[in-house]
Amino acid sequence: MTAAAYLAEHAFVDGAVASDVLIETDDGAITAVTAGAPAPADAVRLPGFTVPGLANAHSHAFHRALRGRTQAGKGTFWTWREQMYAAVSSLDPDSYRELATGVFAEMALAGITNVGEFHYVHHAPGGRPYADPNAMGHALIEAARAAGIRITLLDTCYLAGGIRTPVNETQQRFADGDADAWAERVETLRGAYAGARDVVVGTAIHSVRAVPVDQISTVAKAAEQWSAPLHVHLSEQRAENDACLAAYHRTPAQLLEQHGALGPRTGAVHATHLSQVDIDILGEAHTSVCMCPTTERDLADGIGAARSMFEAGSPVTLGSDSHAVIDLFEEARAVELDERLSTERRGHWPTADLLRAATAAGHAALGRANVGALAPGRAADFAVVGLDSVRLAGTDPRGAVESVVYAATAADVRHVVVGGRVVVWEGVHRLVDDAPRRLGAAVRALYR
Ligand SMILES: [Zn+2]
């Protein structure tokens with residue numbers, strides 16, 4: 001890839017706003033970042049506020065098909081799950097590749113350059129493996145490549161329908177039988193992408209509901225052997241805590257710690273209903289926590305204690321999870337604003353920390369410590385937010401971080417560069433032709 005130079009009007013550098021920033025790139029990496037320097041005449045001008053590429057640390061791509069279809073009516077997380085399972089039934093490798101291509105294109109248009117895809121729809125209906133048992137995983141990776149974004153495929157171990165409960169008919173598609181069989185399948189998938197720059201094959205424990213206690217350490221050991229990210233849904237619902245305490249006399253966080261599943265490579269997703277002891281356990285292990293506020297509010301989960309977890313030692317990351325919306329600015333401000341509602345106090349988070357949750361912290365939790373900052377040696381991933389929309393008109397450059405975190409939407413993202421390649425320009429996806437039409441067709445095809 002050839003060298004390029006960009007002149008950002010304003011940019012997020014070293015945790016603050018800098019102006020007239022020359023960003024030089026070569027072979028997919030940033031080689032120099034210079035503020036206030038005269039720019040070469042051929043530098044590409046980037047009006048607005050340039051931020052590192054955003055990291056979507058928790059995604060289930062197929063949930064995008066539920067948008068607008070599950071928000072009405074009454075119910076709980078558990079009644080929503082029945083609607084979600086109905087959407088699973090029409091997925092096969094071809095339909096999933098097509099849907100995920102559209103979903104990942106939507107992410108790229110929102111400034112996301114890296115997705116953590118928490119993937120558990122592994123097999124054909126009834127649990128029969130496809131001719132290639134990793135056909136669904138390959139489909140998701142091909143979709144990310146088609147959409148021009150990085151992917152960490154968090155291949156998920158899912159073995160049970162609940163604690164001491166077998167999988168039901170829908171869940172058969174998710175299950176490998178036991179954790180050894182899961183590890184064998186994932187090892188083959190990892191082999192297929194060894195050395196790939198754009199793909200990390202990571203791991204996940206769906207939850208303490210779906211992985212029996214005697215299987216947890218097998219997954220944790222595989223992740224350790226591979227030095228791979230290990231993500232897990234944690235205490236999203238009080239019912240999970242109650243069942244775990246009743247069966248094992250421990251909370252889910254305590255159970256994961258006991259079986260070696262916590263540590264800096266681990267990402268706990270939601271972490272909504274935790275005790276102070278749980279928060280301390282996660283913090284001491286430097287396990288990251290992924291907040292998904294737009295999903296958590298949609299599913300009536302509750303509000304996690306994000307700031308307490310951060311102060312205890314857990315990096316905080318963000319995910320659009322069920323894709324009720326795909327907008328990491330909305331997720332970022334919700335972390336602060338939801339805590340205001342639950343505590344009746346303002347100002348829990350320095351705004352730059354929220355932007356770091358949306359960028360560097362998320363990439364690190366996806367196994368990409370080299371992405372997420374505008375600095376020499378980091379990957380050339382960045383997104384340019386226009387400051388001239390009706391939402392952001394009047395932005396004071398010194399307050400660009402606050403304006404963008406509290407008022408920007410995904411629609412304000414103008415240009416996106418991933419590993420030095422222009423993926424979005426002037427709000428249009430350069431690799432996926434007519435992304436809205438293609439995504440719409442893929443969603444409608446599932447309901448035929
Ligand atoms: Zn999830």
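*Asks:* What exactly am I supposed to notice about the sheet that holds strand 13 (residues 382-385) here?
*Replies:* With respect to topology, eight strands assemble into an open sheet ordered 3-2-1-4-13-14-15-16, the strand pairing being mixed. Looking at the sheet topology across the chains shown, the edges are occupied by strand 3 (29-35) and strand 16 (428-429). In the sheet, strand 4 (residues 44-52) pairs with strand 13 via four bridges, with the strands oriented antiparallel. By the bridge assignment for strand 13, Val 51 is matched with Ala 383.

*Asks:* Just checking my understanding: could you explain the environment of Arg 164 for this structure?
*Replies:* Tracing the chain through its elements places Arg 164 in the loop between strand 7 (150-157) and helix 4 (179-192). The exposed category is assigned to Arg 164, whose relative accessible area is 67%. In sequence terms Arg 164 and Ala 105 are 59 residues apart; their C-alpha atoms lie 39 Å from each other. Contact partners of Arg 164, with chain neighbours within four places excluded, come to Ala 247 and Tyr 248.

*Asks:* I tried to follow the side chain of Arg 307 on my own but got confused; where do I start?
*Replies:* Mapped onto the secondary structure, Arg 307 falls in helix 10 (residues 306-312). For Arg 307, the residues in contact, after removing those within four places along its chain, are Glu 339, His 348, Trp 349, Pro 350 and Asp 353.

*Asks:* Explain the coordination of the zinc ion here, please?
*Replies:* Angles between donor atoms at a metal ideally measure 109.5 degrees for a four-coordinate tetrahedral arrangement and either 90 or 180 degrees for a six-coordinate octahedral one. Distances from the zinc ion to its protein donors, His 58 (NE2), His 60 (NE2) and His 233 (NE2), fall within 2.1 to 2.2 Å. The sequence motif formed by the donor residues of the zinc ion is H-x1-H-x172-H. With His 58 in strand 5 (residues 54-59) and His 233 in strand 9 (residues 230-234), this pair connects stretches of sequence that are 175 residues apart. The buried category is assigned to His 58, whose relative accessible area is 0%. For His 233, a relative accessible area of 6% translates into the label buried.

The rules behind each value
Here the residue index of a chain counts from 1 through its sequence in written order. Selection of residues for local features in this predicted model requires a pLDDT of at least 70, selection of side-chain atom pairs for listing and counting requires 80 or more, and totals for whole chains, interfaces and linings are taken over all residues. Derived side-chain values reflect all non-hydrogen atoms in the structure, with water molecules and hydrogen atoms excluded from consideration. One requirement defines pairing of two strands: DSSP has to find at least two bridges between them. The secondary structure listing takes helices from DSSP runs of H or I that are at least 4 residues long and strands from runs of E that are at least 2 residues long, numbered from the N terminus. Exposure categories follow from relative accessible area, calculated using a 1.4 Å probe and restricted to protein chains: below 20% of the type maximum is buried, above 50% is exposed, and the middle band is partly exposed. When checking whether two residues touch, look at their non-hydrogen atoms; a contact exists if any pair is within 4.5 Å. Donor atoms (N, O, S) are those found within 2.8 Å of the metal centre, with the cutoff raised to 3.2 Å for Na, K and Ca; water is not part of the atom list, so apparent gaps in a site can occur.

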